[in-house]
Amino acid sequence: MKSSIRKFYLAFVCLLGICSLSVTGFAATWDMPTPYPDKTFHTVNIIQFAQDVEKATGGNLKIKIHSAGSLFKHPEISKAVRGGQVPIGEFFLSLLSNENAVFGADSQPFLATNYKEARKLWSAQKPVITKLLAKQNLMPLFSVPWPPQGLYTKKPINSVEDLKGIKFRAYNATLEKFANLVGAAPTQVEVPDIPQAFATGRVEAMITSPSTGANSKAWDFITHYTDIQAWLPKNIVVVNKRAFRKLSKSDQQAVITAAAAAEKRGWKMSMQETTTKTAILKKNGVTIVTPSKELMDGLKQVGAEMLKDWKKKAGAEGAGLLKAYNN
Ligand code: PCA
């Protein structure tokens, strides 16, 4: 090629390259740490989300999921996304309540105890935490609740008294406090470690969903499931804003659209889990108990005490959240 033609040719190719880059952005793979095992409905939902994103971006953005705390341990995931070590991640929302109590609104005992209330609570909570997360360079993509939390024990529990002295598995500070207030002895244990913690006697009771109970084969180590429906805590998927901005506008839109679909699908999956996983517990020999009035009155009293405390800690932001929730 003559040099002038060659220069022209090169400039043309370059221009094409730049044009296509600005239209489609760079192809990228996002590593995504998540805390729960593959079969957990949250993880199944996220796998679908990743497939939707890959399809909608024409393969421009691939999301590689590292489940069960395999890339980052659960308590490290939010920090890893914040610090940009990974662009996206999932975690249990109320783990952030040590930063601001409003993150833990959904883990307050007996504040929101069914899906309708949980949805209202999320509507009230979302704008407040979106602002707080923005300060950390994070943006929420979607949030999905666990089924209502119930009580797993090795004996019938008829009153709060019956919980005294029991070694209790906890998953966040709020549950730890709840356990302490009912006179139990809490220990933090992540989901993948539940069977081992029961087998070795580190714990002998827990509060969690029918979902986590059935996935952990709770019938191997407890006999009674008391359906106290105490709260519906949520997981959240967040993205690092800097990483998000690196995507082309159309890829950003694809992520937002897939996230909205994942939130909708996730809530539906959660509701189905409540029924199917409670049935699995029963089928495997667990006694499903409707709680006594005495037990519920006692637990709700503890819940009311905790809410008072939460209000103090959550300040004006918390007051605004509760006002929006109660409206
Ligand atoms: N499962 C998770 C969080 C709430 C739930 O239902 C756990 O037990 O840690």
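Scroll up to find the structure.
Values in this document were obtained by computation on a predicted structure and should not be read as measured data.

What counts and how
Residues numbered from 1 in each chain as written. Predicted model: local features only at pLDDT ≥ 70, side-chain atom pairs only at ≥ 80, totals over all residues. Heavy atoms only, no water. Near = heavy atom within 4 Å. Polar contact = N/O pair within 3.5 Å; in protein donor to acceptor, adjacent residues only side chain to side chain. 1 Å grid on protein atoms, 1.4 Å probe; cavity = no way out; pocket = protein on both sides within 12 Å on 5 of 7 lines; lining within 4 Å. Sits in = over half its atoms within 2 Å of the grid points. Nonpolar A, V, L, I, M, F, W, Y, C, P; charged D, E, K, R; others polar. Axes fitted to C-alpha atoms, helices over the stretch in contact; angles between N-to-C directions. Helix = DSSP H or I, 4+ residues; strand = E, 2+ residues; numbered from the N terminus. Parallel < 35°, antiparallel > 145°, perpendicular 65-115°, else oblique. Left-handed = near helix turned anticlockwise from the far one by under 90°. Contact = heavy atoms within 4.5 Å. Salt bridge = Lys/Arg side-chain N within 4 Å of Asp/Glu carboxyl O. Buried < 20%, exposed > 50% of the residue type's maximum accessible area, 1.4 Å probe, protein only.

Colleague: Sorry if this is basic, but what is going on with the site of the ligand here?
Modeller: Lining the immediate surroundings of the ligand are Phe 92, Trp 146, Gln 149, Arg 169, Tyr 171, Val 191, Thr 208, Ser 209 and Thr 212. A distance of 2.6 Å separates an oxygen atom of the ligand from a polar side-chain atom of Ser 209. Between the ligand and Thr 212, the relevant distance is 2.7 Å, taken from a nitrogen atom to a side-chain nitrogen or oxygen of the residue. The cavity that encloses the ligand is the largest cavity. Looking at the shell around the ligand residue by residue, the class counts come to four nonpolar, four polar and one charged.

Colleague: Any chance you could explain the packing of helix H5 (residues 173–181) against helix H10 (residues 293–326) here in plain terms?
Modeller: The relative placement of two packed helices comes down to the angle between their axes together with the axis-to-axis distance. Two elements in contact, H5 and H10, have axes separated by 10 Å at closest approach and are oriented at 135°. Considered as vectors, H5 and H10 are oriented oblique to each other. The way H5 lies across H10 gives a crossing that is right-handed. Contacts between H5 and H10 involve Thr 174, Lys 177, Phe 178 and Leu 181 on the former and, on the latter, Leu 299, Val 302, Gly 303, Glu 305, Met 306, Asp 309 and Lys 313.

Colleague: How do you make sense of the pattern of salt bridges when you look at a structure like this?
Modeller: Any two side chains of opposite charge can pair if their charged atoms end up close together. Applying the stated criterion across every chain, the model contains nine salt bridges. Close ionic contact of Glu 161 with Lys 164 constitutes a salt bridge, the shortest N to O distance being 3.0 Å. For the salt bridge of Asp 297 with Lys 293, the shortest nitrogen-to-oxygen distance reads 2.6 Å. With a gap of four residues between them, Asp 297 and Lys 293 both fall in helix H10, about one helical turn apart. Owing to a relative accessible area of 39%, Asp 297 belongs among the partly exposed residues under this scheme. The class for Lys 293 is exposed, based on a relative accessible area of 63%. By sharing partners, the salt bridges in this structure join Lys 177, Asp 309 and Lys 313 into a single network.

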